[in-house]
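Each chain, letter by letter, is given below.
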Amino acid sequence: RARRWLPGDAGRILDIGCAFGYGSVAVAAGGPPGCVAVGVERDPEHLERGRRLYPWLTILQADATSLPIPDGCADAVLLLDILEHLGEPELAVAEAHRVLRPGGVVIVSVPHRGPQHRLDSLNVYRALRARRPSWPPLEPATESAGGVHRHFTVGELRRLLAPGFEVDRVQGSGLGLQELVYLAGLLARIPRRAERVGRFALVLHLLVYLLDDLVQWGPLGYHLAVRGVR
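The structure contained in this document is the topic of the report that follows.

About the thresholds
- Residues numbered from 1 in each chain as written.
- Predicted model: local features only at pLDDT ≥ 70, side-chain atom pairs only at ≥ 80, totals over all residues.
- Heavy atoms only, no water.
- Helix = DSSP H or I, 4+ residues; strand = E, 2+ residues; numbered from the N terminus.
- Buried < 20%, exposed > 50% of the residue type's maximum accessible area, 1.4 Å probe, protein only.
- Contact = heavy atoms within 4.5 Å.
- Phe/Tyr/Trp six-rings, centres within 6.5 Å; stacked < 30°, edge-to-face > 60°.
- Pairing = 2+ DSSP bridges.
- Axes fitted to C-alpha atoms, helices over the stretch in contact; angles between N-to-C directions.

## Here's the deal with the environment of Thr-58
Piece 1. Take Thr-58: it is sitting in the loop between helix H3 (44-53) and strand E3 (59-61).
Piece 2. A relative accessible area of 40% means that Thr-58 is categorised as partly exposed.
Piece 3. Spatially, the C-alpha atom of Thr-58 lies 7.8 Å from that of Ala-37, the residues being 21 residues apart in sequence.
Piece 4. Look past the residues within four positions of Thr-58 in its chain and what remains in contact with it is Val-38 and Gly-39.

## Points about the packing of aromatic side chains
Ring pairs (aromatic) are described by centroid distance and by the angle formed between their planes.
Piece 1. On inspection of all chains with the given rule, the structure shows 3 aromatic pairs.
Piece 2. When the ring of Phe-20 is compared with that of Tyr-22, the centres are 4.9 Å apart and the planes differ by 45°; the resulting orientation is tilted.
Piece 3. Its relative accessible area of 16% is what places Phe-20 among the buried residues.
Piece 4. Ring centres of Tyr-54 and Trp-56 lie 5.6 Å apart, and the angle between their planes is 75°; on these two criteria the pair is classed as edge-to-face.
Piece 5. Given the relative accessible area of 17%, Tyr-54 is considered buried.
Piece 6. Residue class for Trp-56 comes out exposed when judged on its relative accessible area of 61%.

## Looking at the sheet that holds strand E2 (residues 36-41)
Piece 1. Ordered in space as E3-E2-E1-E4-E5-E7-E6, the 7 strands form an open sheet in which the pairing is mixed. Two strands in the sheet have a free side with no partner beyond their single neighbour: E3 and strand E6 (166-173). Within this sheet the neighbouring strands show an average axis-to-axis angle of 15°, counted without direction.
Piece 2. As defined by bridge partners, strand E1 (residues 12-16) adjoins strand E4 (residues 74-80) across 4 bridges and the pair is classed as parallel.

Rendered as structure tokens:
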């Protein structure tokens, strides 16, 4: 979806919170001709893995709320599944606005606070672990500021972008089925002998996520994506 929503003249793309860069590589490969994607990631483990897997990809170690990038140098900024982890997402949006040229676009995806938001695997696991402290903690890269994996309504996301962006596309998709698979993977880590099962569940989670996201559910969708023009 991010590739489809990129303008035809988006030559310089910033993928904020790129993990180990798989999305940055995919966007660059399928984006406008000649485009270059640069990833930004704060987690050291993701950063090291990305540089090992994709040595040709530039990945900067930085936080979404403080980018080491000059003003107005990007044609597009991607904030895919990032804002829900931040305590002050408006700071990341302000940074995206700063580094974008006039007319540039920001593409945002977040979990939607719709009928299925209680399926959120991270929030369910965190609530269960509060009663069972011996369970393994979540990985640092998946932790959210304030302890809650946040969901947004369309109105909340529009207001978040409103100071500097005009929203021109909104799309809701998926039913959140991958959350059940991901929760199973988290629970499978508890008995050490089930570690392989947990790894398999995480791979299955990605497959289900991709398939689930293909279904357009509008206001009922678990995933919410918007595009804003600076």
